[in-house]
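# Architecture at a glance
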Amino acid sequence: MANRVFQSVIYQMKDAINRVVGVVDETGAVISCSELNLIGEVREGFMAERLTAGDRFVRDGYTYQQFSSAKHNDYAVFVEGADETAGQFAAVLSISLQSIKQYHDEKFDKSNFIKNVVLDNILPGDIYAKARELHFATDVSRVVFIVRVTSGGDISAYDVVSSLFPDKQKDFVFNISETDTVLVKEIRKGIDRTDMEKLAASIVDTLSGEHYIKAVVGIGTPISNVKDLATSFKEAQIAMEVSKVFDTEKQIIRYDNLGIARLIYQLPTTVCEMFLREVFKQGSIESLDQETLFTIQRFFENNLNVSETSRGLFVHRNTLVYRLEKIKKLTGLDLREFDDAIVFKVALMVKKYLSNNPAKY
């Protein structure tokens, strides 16, 4: 990683300095150089010299200036020549490279730090210590989005999402699987929930409109402390799993807008199975055919209104009443009664949940 950071700067300095310049590591191996054929060469005697000499020394026609990436000297700049100008070039270059590497390491470490916090791979007590070390703000409002690719596209969703959120000091993007990309977004305090949905919609639209990638986005609840990012992430995961069962057509799913589906998801399967046994006579729910289930769905959508439902189904009112009586006979529940309708609606959701067997988080 350091090699690429250094090489980019060294190569740009080549014409300006008009001398051979490069960087060696603590073993004396050339890791970056204006003359590419010298990369990989080991400078004999460098290791012994660096331990006895000061930060700057001359050896074999090159001026070396040591610099550190942490608390000890890991690298040295070398400039062709033993004159004062070579020493000045080496000093300026070492300061520049040290600053650039520190910035790069800090940025890279922040991304790793956030990933570890989100995935709950870091102890709570270590979060604040690491945050202080990285100068990372812990009390800023953030929210976790999970972008899941469902089909299409040759380009990586990670690349697209990264390009949409270029501020790498505030927003963090990383992959957790082939299909799932995580976005940790800094937000203003008190942001409206619909604004988060609009942000998610812009991601979905960009992926589909410009790159032909179909995706869904799960959104956790906003948090105000970095230690709670893992919670927001798990909520986004739950939102995705619940939507797979109950809202298969939705592309944007907020954890705090799941309603009764979230309650069902959090129940143990044994409790759900017990509930179904209490509500329905044995085998009664399985005896309902697709036409009957479709009728029930339309009846619920029309707020238990028999006349509106019969019109929507293009059947006579008495035909619908007959179907509802048949359901009552089979299940023991009269859907025209509000209490029975609620029990039946929840029971259907519970059965659908058990049939899909979603992952638990």
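Residues numbered from 1 in each chain as written. Predicted model: local features only at pLDDT ≥ 70, side-chain atom pairs only at ≥ 80, totals over all residues. Heavy atoms only, no water.

Per an unreviewed UniProt entry, the chain is named CdaR family transcriptional regulator, and its organism is Faecalibacterium langellae.

### Some remarks on the overall build of the chain
Across its full length, the chain holds 13 helices and 10 strands. For 361 residues, the compact-globule formula gives about 21 Å, and the C-alpha radius of gyration of the chain, at 31 Å, lies well above that figure. In terms of overall dimensions, the chain has a C-alpha envelope of 105 × 40 × 35 Å along the principal axes. Within the span of the chain, comprising 361 residues, buried residues form 43% of the whole. Considering only intrachain contacts with a sequence separation of at least 6, the fraction spanning at least 24 residues in the chain is 59%. (Helix = DSSP H or I, 4+ residues; strand = E, 2+ residues; numbered from the N terminus. Rg over C-alpha atoms; globule rule 2.2 N^0.38 Å. Buried < 20%, exposed > 50% of the residue type's maximum accessible area, 1.4 Å probe, protein only. Contact = heavy atoms within 4.5 Å.)

### Examining the pairing of strand β4 (residues 62-68)
The element β4 is largely enclosed, with a buried count of 7 among its 7 residues. Pairing analysis gives 4 bridges linking strand β3 (residues 56-59) to β4, with the strands arranged antiparallel. Directly across from Val 58, in β4, lies its bridge partner Thr 63. Connecting β3 to the next strand, β4, in antiparallel fashion are 2 residues, including Asp 60 with a positive phi near 50 degrees. (Pairing = 2+ DSSP bridges.)

### Brief notes about the sheet that holds strand β9 (residues 214-219)
Across the sheet, which stays open at both edges, the 5 strands sit in the order β7-β8-β6-β9-β10 with mixed pairing between neighbours. Strand pairing shows two members of the sheet lacking a second neighbour, β7 (172-175) and β10 (252-254), which therefore form its edges. Across this sheet, the average inter-strand angle for adjacent strands is 20 degrees, counted without regard to direction. Pairing of β7 with strand β8 (residues 180-186), which is carried by 4 bridges, proceeds in the antiparallel orientation. Following the sheet pairing, Phe 172 is matched in β8 by Val 184. (Axes fitted to C-alpha atoms, helices over the stretch in contact; angles between N-to-C directions.)

### Focus on the nonpolar core
Grouped together as the largest cluster of nonpolar side chains are 56 residues, with contacts concentrated most on Phe 113, Ile 114, Val 184, Leu 229 and Phe 344. Looking at which element gives the most residues to this core, the answer is helix α7 (residues 229-246), with 9 residues. Those residues in contact with Phe 113, other than ones at most four positions away along the chain, are Ile 122, Ile 127, Lys 130, Ala 131, Leu 134, Phe 136 and Val 226. In this structure, Val 143, Phe 145, Ala 200 and Ile 213 belong to the second largest nonpolar core, which totals 21 residues. (Core = buried A, V, L, I, M, F, W, Y, C linked by side-chain atoms within 4.5 Å.)

### A short note on the packing of helix α10 (residues 290-301) against helix α13 (residues 338-356)
Interhelical geometry of α10 versus α13 gives an angle of 125 degrees and a closest axis separation of 12 Å. By the angle between their directions, the pair α10 and α13 is classed as oblique. The handedness of the crossing between α10 and α13 comes out as left-handed. On the side of α10, the interface is formed by Leu 293, Ile 296 and Phe 300, while α13 contributes Ala 341, Phe 344, Lys 345 and Leu 348. Considering only residue class, the contact of α10 with α13 consists of 6 nonpolar, no polar and 1 charged. (Parallel < 35°, antiparallel > 145°, perpendicular 65-115°, else oblique. Left-handed = near helix turned anticlockwise from the far one by under 90°. Nonpolar A, V, L, I, M, F, W, Y, C, P; charged D, E, K, R; others polar.)

### Notes on the layout of surface pockets
Approximately 570 Å³ is the volume attributed to the largest pocket. If you trace the largest pocket, you find 16 residues lining it, with Leu 293, Gln 297, Leu 348, Met 349 and Lys 352 closest to the centre. Mapped by element, the contributors of at least two residues to the lining of the largest pocket are α10 and α13. (1 Å grid on protein atoms, 1.4 Å probe; cavity = no way out; pocket = protein on both sides within 12 Å on 5 of 7 lines; lining within 4 Å. Points joined across faces, edges and corners; volume = space filled by probe spheres on them.)

### Looking at the packing of α10 against helix α12 (residues 317-331)
Orientation of α10 relative to α12, taken along the N-to-C sense of each, is 110 degrees, at an axis distance of 11 Å. One element, α10, and the other, α12, form an angle in the roughly perpendicular class. Along the contact surface, α10 presents Glu 291, Thr 292, Thr 295, Ile 296 and Phe 299, while α12 presents Leu 320, Arg 323, Leu 324 and Ile 327.

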